[in-house]
Amino acid sequence: MEKLDSVKNLDACIKCSACTSQCPVATVQPLFSGPKSVGPDAERFRLEGIDIDPQCLSYCSNCKTCEVTCPSGVKITEIILRAREKASLAGQKSGTTRLQVRDLVLGRAEYLGRLGTIWPGLTNGLLKVSGVRVLMEQTLGISRRAPLPPYQAKFKGIRNNKLVPNHRLSKAVVFFPGCFINYNDSLTGQAVIKVLEHNGYDVIIPNFHCCGVPLQANGKFNEARGNAKKNLALMNPYLQSGVPVITGCTSCGLALKEEYPNLEVSGSELIGRQAYDLFEFLWLLHEEGGLKQDFQEIPVSLGYHAPCHLKAQGIGTPVVRLLRLIPGVRVLDLDTGCCGLSGSYGYKQEKYDIARQIGEPLFRRVQVGVRIGEFQSMATECGGCQVQIEHGSGIATKHPIWVFMQAYGLD
Amino acid sequence: MWDGIIIGGGLAGLLAGIRAAERGKKVLIVSEGVGSLTYSSGVIDLGDVERLMNQKSHPYALLGEKVVRSAAEYFQTLFPDYSGNWREPQFVLTPLGTPRKAGLIPRGLNTQALTETHKIILMALEGMKDFFPEVARSNLLKAYPQAEVVLHPFRVEGFEAWYTLGKSITGMDCGKYWRTASGIETLKGVWKSLDSFEPDKAVVIFPGLTSVFSQLLREVQFNLPFSVIEMTAFPPSAGGHYLYRGLVEKFKALGGELLVGSGVKKVELKGKQCHKIIVNSKGKDSEFSARVFVLATGGIFGGGIEVTLEAAKEMVFGLPPFVPSGWTNSEFLGEQPYARMGVETDNQLRPIDFASKEVLLENVRVIGRMLAHWDPWVEHCGGGVSLASGWFAGEQI
């Protein structure tokens with residue numbers, strides 16, 4: 001954002017406090033004075049060189065509920081993230097050395113993932129040993145109670161890299177799987193490919209890096225931009241040939257649409273327009289009459305949770321529309337706020353309870369829904385939300401692509 | 001292709017969406033933010049319906065009595081937690097403790113019991129923001145001279161962190177707290193602590209408590225030997241917030257889709273028909289087509305009309321708003337002519353050119369605060385106009 005723009009955007013705040021009243025963190029944590037106060041209010045002072053309690057900035061979970069809420073279009077989360085970056089550049093450390101190491105670890109889900117997927121059985125076995133989790137908490141500040149998802153064999157997909165970018169790629173897509181699919185849920189990655197292929201698409205999967213969101217959330221802004229540039233370089237030939245980039249993770253999707261266009265490298269001018277959430281893409285295909293509708297009837301009734309970073313994309317909930325095309329499927333959009341995990345946020349020892357409290361209304365809603373027979377299980381696109389909802393409610397939660405696998409008879 | 005797309009997710013837009021979805025229509029609501037309900041108290045003002053019905057060009061006159069009545073009744077069928085009758089005003093307490101007239105009110109706010117009691121216990125949660133116990137007490141004494149008003153300050157452990165930080169407890173903090181499991185347990189303790197006040201002979205006023213749509217709070221209050229009366233609060237207010245949540249939940253349960261956080265950037269017209277809106281999504285625009293469009297963007301305050309020194313502009317369709325000749329009145333709290341700014345419509349709520357009276361867009365309906373010729377502050381009919389026009393549009397999709 002240009003300087004002038006950002007001041008204009010700051011002036012758009014009418015101090016109505018709607019954001020703070022909807023903020024999931026401020027609702028459960030009085031130490032956080034809320035998005036209005038830490039964002040636009042404190043920004044006025046920061047512009048004058050006065051830093052007000054930079055520690056408070058770390059409570060923001062980057063869920064972007066404030067930005068979605070704001071009736072005046074103020075980029076509140078962006079103001080907070082920028083202030084965090086400024087504070088970290090100014091050398092204000094986010095805490096002890098232990099926490100700095102933690103930020104390093106959590107910011108690099110990718111490196112952890114690479115390690116974990118070398119021998120997933122061993123990693124998962126170790127992570128189940130309570131002593132290991134206690135040790136991780138003591139040395140790294142990663143909560144022993146947080147739901148670390150198990151590692152699976154690394155997602156290999158069908159690495160159709162041989163498809164050379166050219167004009168004949170009209171039925172090709174680039175798939176950006178994201179770290180969760182890459183290291184924790186490769187089967188869902190395979191399912192995405194199968195559904196796209198069933199609809200006649202060649203799926204290209206370059207060897208992408210982490211999108212950068214976890215790095216940014218853990219204060220590693222330069223590293224996040226570094227990852228973004230590497231990924232853009234991998235995408236660029238395809239972007240130039242007009243091939244869409246599809247994301248299976250809503251946070252990666254938001255980064256591709258919102259952060260990547262700000263980079264000053266080739267391809268950044270295209271990525272915003274060519275990045276699609278998986279179901280956004282399938283819905284557009286449906287509207288053009290291109291989506292295969294050879295669905296088998298499947299009697300399934302689902303509760304749906306819209307991930308915060310899907311809401312922030314401003315495309316609605318295309319997966320709900322698509323699920324309703326399948327005979328026999330019933331789906332209820334619960335709309336009960338944030339699950340609390342917010343990527344790496346809920347894994348932090350001092351944030352675990354906050355994350356748990358944030359998700360509590362959602363967990364209760366899920367449990368009640370299942371108990372009174374409104375739905376049988378849960379669906380949501382975000383891997384983090386899946387893990388957290390299962391952890392908090394005990395109800396099975398899966399990526400919605402599995403419903404399409406079943407309906408297409410592909411599983 | 002949607003049956004209807006509603007632009008604006010406030011009271012009017014959500015009610016239109018609910019009614020249409022209930023009639024089996026596929027409806028999308030696009031809203032720039034959470035709408036203005038969070039700023040409202042959750043009380044629905046209908047105003048003096050019979051008088052306004054006879055006021056030239058007023059939305060009530062445009063729609064007719066049957067629509068206003070049907071809308072109010074429909075709202076109450078949706079939300080049995082709201083009581084009231086469109087003809088008989090009830091009274092609720094302002095945040096300063098004065099009674100004021102209201103139309104449809106959430107359970108717990110009716111002040112009837114105060115007119116009959118000789119003792120009022122005014123609960124005063126320590127550290128509560130925007131609540132002034134002494135002011136409220138003196139206003140209550142004036143309004144209910146037959147009663148003594150006992151101020152009962154109390155502290156709650158659940159707010160210990162606020163006290164330690166020296167942070168004031170907002171009405172929204174309170175509204176949310178009393179609904180949690182620990183809040184409900186604490187509340188039971190608070191009621192017990194009143195035993196020494198002979199509460200069975202009193203009426204208890206409890207600012208910060210918002211029991212609307214909460215089954216658990218209703219149960220806690222059910223067996224009490226005294227009446228509990230809640231107060232309206234300054235914005236952002238829990239009462240408005242829970243009404244918003246209630247409307248959204250209803251809309252989604254009926255299969256409606258709500259897209260919050262993005263505005264409409266452009267519309268595509270063919271002659272006098274709109275067929276597509278273009279929404280400002282992240283990265284690129286999203287397009288949505290529909291048979292009927294409803295404009296519920298909320299007037300000047302909601303961003304639906306932009307006013308500059310020279311002109312007023314409707315922001316989605318570029319419709320020409322009605323602009324009164326003198327915009328303002330130097331008396332701050334007096335009637336302000338600009339309040340009547342809005343889009344003129346025919347009695348089907350289709351936008352018209354105010355000179356020729358010709359319909360400008362055949363498949364667009366204008367509802368709520370966007371309508372011209374009414375003033376919510378002077379006429380106290382903001383909720384009523386939103387319900388009536390919203391319900392009517394919901395019938396037309």
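Because the structure is a prediction, the values reported are computed rather than measured.

Student: So what exactly am I meant to see when it comes to the overall build of chain B here?
Tutor: Assigned secondary structure in chain B consists of 13 helices and 17 strands. The globule rule puts the C-alpha radius of gyration for 397 residues at 21 Å, and the 22 Å found for chain B is close to it. Each principal axis of the C-alpha distribution contributes one length, and for chain B these read about 75 × 45 × 40 Å. Put simply, of all contacts in chain B between residues at least 6 apart along the chain, 65% involve residues at least 24 apart. Of the accessible surface of chain B, which amounts to about 16,400 Å², a share of 53% is contributed by carbon and sulfur atoms. Separation between the mean location of the 41 positive side-chain charges and that of the 42 negative ones in chain B comes to 5 Å.

Student: How do you make sense of the UniProt feature "domain: FAD-dependent oxidoreductase 2 FAD-binding" (unreviewed entry) in chain B when you look at a structure like this?
Tutor: Mapped onto the present numbering, the UniProt feature "domain: FAD-dependent oxidoreductase 2 FAD-binding" (unreviewed entry) falls on residues 3–385 of chain B. Between the first and last C-alpha atoms of residues 3–385 of chain B the distance is 24 Å; the span itself is 28% helix and 21% strand.

Student: Can you help me understand the domain arrangement of chain A in this one?
Tutor: Reports often express the size of an interface as the amount of accessible area lost when the parts come together. Residues and elements named next belong to chain A. Segmentation of chain A into domains returns domain 1 (1–91), domain 2 (172–208 + 225–285) and domain 3 (292–408). The centre of domain 1, based on its C-alpha atoms, is set 28 Å off from the matching centre of domain 3. Summing the contributions of domain 1 and of domain 3, the shared interface buries around 950 Å²; its carbon and sulfur component is 68%. For the domain 1 face of the interface with domain 3, the top three residues by lost area are Val28, Ser61 and Cys63, together amounting to 42%. At the boundary of domain 1 with domain 3, the tally comes to zero salt bridges.

Student: Any chance you could explain the state of the cysteines here in plain terms?
Tutor: As enumerated under the stated definition, the model contains zero disulfides over all chains in all. No disulfide involves Cys60 of chain A; its sulfur sits 6.3 Å from the nearest other cysteine sulfur, which is in Cys66 of chain A.

Student: Can you walk me through the nonpolar core in this structure?
Tutor: Taken as a class, soluble globular proteins show a tendency for nonpolar side chains to be buried jointly. Residues and elements named next belong to chain B. One finds Ile5, Ile44, Tyr60, Phe75, Leu247, Ile277 and Phe317 to be the most contacted residues of the largest nonpolar core, which totals 86 residues. In terms of residue count, helix H1 (residues 11–22) provides more of this core than any other element does, eight residues in total. Looking at which domains feed residues into this core, each of domain 1 (2–84 + 240–396) and domain 2 (95–231) gives three or more. Leaving out residues up to four positions away in the same chain, Tyr60 has contacts with Leu46, Val49, Leu52, Met53, Val68, Cys381, Gly384 and Val385. Of all hydrophobic cores here, the second largest spans 45 residues; its members include Met128, Leu187, Phe206 and Phe226.

Student: Which parts of the structure should I look at to understand the sheet that holds strand S2 (residues 202–204) of chain A?
Tutor: Note: strands within a sheet are paired through backbone hydrogen bonds, in either parallel or antiparallel orientation. Residue and element names in this part refer to chain A. The strand order across the open sheet formed by four strands is S2-S1-S3-S4, and the pairing between neighbours is parallel. Edge strands, defined here as strands with exactly one partner in the open sheet, are S2 and strand S4 (275–277). Neighbour-to-neighbour, the strand axes of this sheet turn through a mean angle of 35°, independent of strand direction. Against the sheet, helix H12 (residues 186–198) makes contact with strand S1 (172–176), S2 and strand S3 (245–247), and its axis sits at roughly 165° relative to S1, the strand it touches most. Most of the contacts of helix H14 (residues 221–240) go to S1, to which it runs at about 170°, and overall it touches S1, S2 and S3.

Student: Would you explain the pairing of strand S13 (residues 273–279) of chain B in this entry?
Tutor: On a regular strand, one side chain projects to one face of the sheet and the next to the other, so that they alternate. All names here are of chain B. For S13, the tally of buried residues reaches five of seven residues, placing the bulk of the element in the interior. As defined by bridge partners, strand S12 (residues 264–270) adjoins S13 across six bridges and the pair is classed as antiparallel. Residue pairing in the sheet places Lys266 in a bridge with Ile278 of S13. Hairpin connection of S12 to S13: two residues between the antiparallel strands, including Gly271 at a positive phi of 60°.

Student: In this structure, what is going on with unusual backbone geometry? I would like to understand it.
Tutor: With the exception of glycine, most residues fall at negative phi, and the peptide bonds are largely trans. Pro235 of chain B connects to Pro236 of chain B through a cis peptide bond whose omega is -10°. Structurally, Pro236 of chain B can be placed in the loop between strand S10 (227–230) and helix H10 (238–253). With phi around 45°, Ser342 of chain A is a residue other than glycine that occupies positive phi space. Here Ser342 of chain A lies in the loop between strand S6 (329–333) and helix H20 (352–371). Ser342 of chain A sits in the partly exposed class, given a relative accessible area of 21%.

Student: Where do I start with the sheet that holds strand S7 (residues 377–379) of chain A in this structure?
Tutor: Residues and elements named next belong to chain A. Sheet architecture is open: four strands sit in the order S6-S5-S7-S8, paired in parallel fashion. The two strands at the open ends of the sheet, each matched to only one other strand, are S6 and strand S8 (397–398). As paired strands, strand S5 (residues 300–304) and S6 are joined by five bridges and run parallel to one another. Across the sheet, the residue bridging to Leu302 is Val331, located in S6.

Student: What's the story with the interface of chain B and chain A in this structure? I'm lost.
Tutor: Taken residue by residue, the interface counts 34 residues in chain B and 39 residues in chain A. Here chain B and chain A share an interface that buries about 2,900 Å² over both sides, 51% of which is from carbon and sulfur atoms. Its largest share of buried area at the contact with chain A, chain B owes to Lys252, Lys282 and Lys284 of chain B, together 24% of the area lost on that side. A salt bridge links Asp335 of chain A to Lys252 of chain B, with the nearest nitrogen and oxygen atoms 3.1 Å apart. Connecting chain B to chain A are 18 residue pairs in polar contact (both at pLDDT 80 or more). Every element with two or more residues in the side of chain B that touches chain A is listed here: helix H6 (160–165), helix H7 (171–177), H10, strand S11 (257–260) and strand S14 (286–295) of chain B.

Student: So what exactly am I meant to see when it comes to the packing of H20 of chain A against helix H21 (residues 383–393) of chain A here?
Tutor: Geometrically, a packed helix pair is captured by the angle between its two axes and the distance between the axes. All names here are of chain A. Running from N to C, H20 and H21 point in directions that differ by 75°, and their axes come no closer than 8 Å. In terms of orientation, H20 lies roughly perpendicular with respect to H21. When H20 is examined against H21, the residues Tyr352, Ala355, Arg356, Leu362, Phe363, Val366 and Gln367 are found in contact with a partner set consisting of Gln388, Ile389, His391, Gly392 and Ser393. The residue makeup of the contact of H20 with H21, split by class, is six nonpolar, five polar and one charged.

Student: Can you walk me through the packing of aromatic side chains in this structure?
Tutor: Geometry of an aromatic ring pair is reported as the spacing of the ring centres plus the angle between the planes. One pass over the structure, following the stated rule, counts 21 aromatic pairs over all chains. Residues Phe279 of chain A and Phe404 of chain A carry aromatic rings whose centres are separated by 5.7 Å and whose planes lie at 35° to one another, so their mutual orientation is tilted. In this pair, Phe279 of chain A is assigned in helix H17 (residues 278–287) and Phe404 of chain A in helix H22 (residues 401–407), connecting sequence segments 125 residues apart. The exposure class of Phe279 of chain A is buried, given its relative accessible area of 1%. Each ring, one from Trp191 of chain B and one from Phe226 of chain B, has its centre 5.5 Å from the other, and the planes form 70°; the classification is edge-to-face. With a gap of 35 residues between them, Trp191 of chain B in helix H8 (residues 181–193) and Phe226 of chain B in the loop between helix H9 (215–222) and S10 connect regions that are remote in the sequence. With relative accessibility at 5%, the residue Trp191 of chain B sits in the buried group. Taken together, the ring pairs connect Phe154, Phe159, Trp162, Tyr177, Trp178, Trp191, Phe206 and Phe226 of chain B into an aromatic cluster. The lysine or arginine in question, Lys351 of chain A, covers the ring of Tyr59 of chain A, its NZ or CZ lying 5.7 Å from the ring centre. Here the basic side chain of Lys398 of chain A rests over the ring of Trp402 of chain A, its NZ or CZ set 5.1 Å away from the ring centre.

Student: Teacher, can you tell me more about the pairing of strand S5 (residues 99–102) of chain B here?
Tutor: Residues and elements named next belong to chain B. The pairing of strand S4 (residues 90–93) with S5 spans four bridges and is antiparallel. Following the sheet pairing, Leu93 is matched in S5 by Pro99. The hairpin turn running from S4 into S5, its antiparallel successor, is five residues long, and Gly97 in that turn takes a positive phi close to 90°.

Student: Would you take a moment to explain the domain arrangement of chain B for this structure?
Tutor: All names here are of chain B. Segmenting chain B into domains produces domain 1 (2–84 + 240–396) and domain 2 (95–231). For domain 1 versus domain 2, the distance between C-alpha centres works out to 34 Å. Interface of domain 1 and domain 2: buried area, both sides summed, is about 1,500 Å²; carbon and sulfur atoms make up 63% of it. For the domain 1 face of the interface with domain 2, the top three residues by lost area are Val43, Asp81 and Tyr242, together amounting to 47%. Inspection of the region where domain 1 meets domain 2 yields three salt bridges. For Arg107, the salt bridge identified is with Asp81, shortest N-O distance 3.5 Å. Here domain 1 and domain 2 share seven residue pairs in polar contact (both at pLDDT 80 or more) between them. Those elements that place two or more of their residues in the side of domain 1 that touches domain 2 are helix H4 (65–78), strand S3 (82–83) and H10. Looking at the side of domain 1 that touches domain 2, the element that brings in the most residues is H10, giving four residues. The class makeup of the residues in the side of domain 1 that touches domain 2 is 10 nonpolar, eight polar and two charged.

Calculation notes
Residues numbered from 1 in each chain as written. Chains lettered and ligands numbered in written order. Predicted model: local features only at pLDDT ≥ 70, side-chain atom pairs only at ≥ 80, totals over all residues. Heavy atoms only, no water. Helix = DSSP H or I, 4+ residues; strand = E, 2+ residues; numbered from the N terminus. Rg over C-alpha atoms; globule rule 2.2 N^0.38 Å. Contact = heavy atoms within 4.5 Å. Areas by Shrake-Rupley, 256 points an atom, 1.4 Å probe, with all protein chains shown as cover. Lys, Arg positive; Asp, Glu negative; His and termini not counted. Charge placed at Lys NZ, Arg CZ, Asp CG, Glu CD. UniProt positions renumbered as here; feature names shortened; annotations may be inferred. Domains from an automatic or database assignment. Buried area = accessible area lost by both parts, 1.4 Å probe. Salt bridge = Lys/Arg side-chain N within 4 Å of Asp/Glu carboxyl O. Disulfide = S-S within 2.5 Å. Core = buried A, V, L, I, M, F, W, Y, C linked by side-chain atoms within 4.5 Å. Buried < 20%, exposed > 50% of the residue type's maximum accessible area, 1.4 Å probe, protein only. Pairing = 2+ DSSP bridges. Axes fitted to C-alpha atoms, helices over the stretch in contact; angles between N-to-C directions. Polar contact = N/O pair within 3.5 Å; in protein donor to acceptor, adjacent residues only side chain to side chain. Parallel < 35°, antiparallel > 145°, perpendicular 65-115°, else oblique. Nonpolar A, V, L, I, M, F, W, Y, C, P; charged D, E, K, R; others polar. Phe/Tyr/Trp six-rings, centres within 6.5 Å; stacked < 30°, edge-to-face > 60°. Lys NZ or Arg CZ within 6 Å of the ring centre and 35° of its normal.

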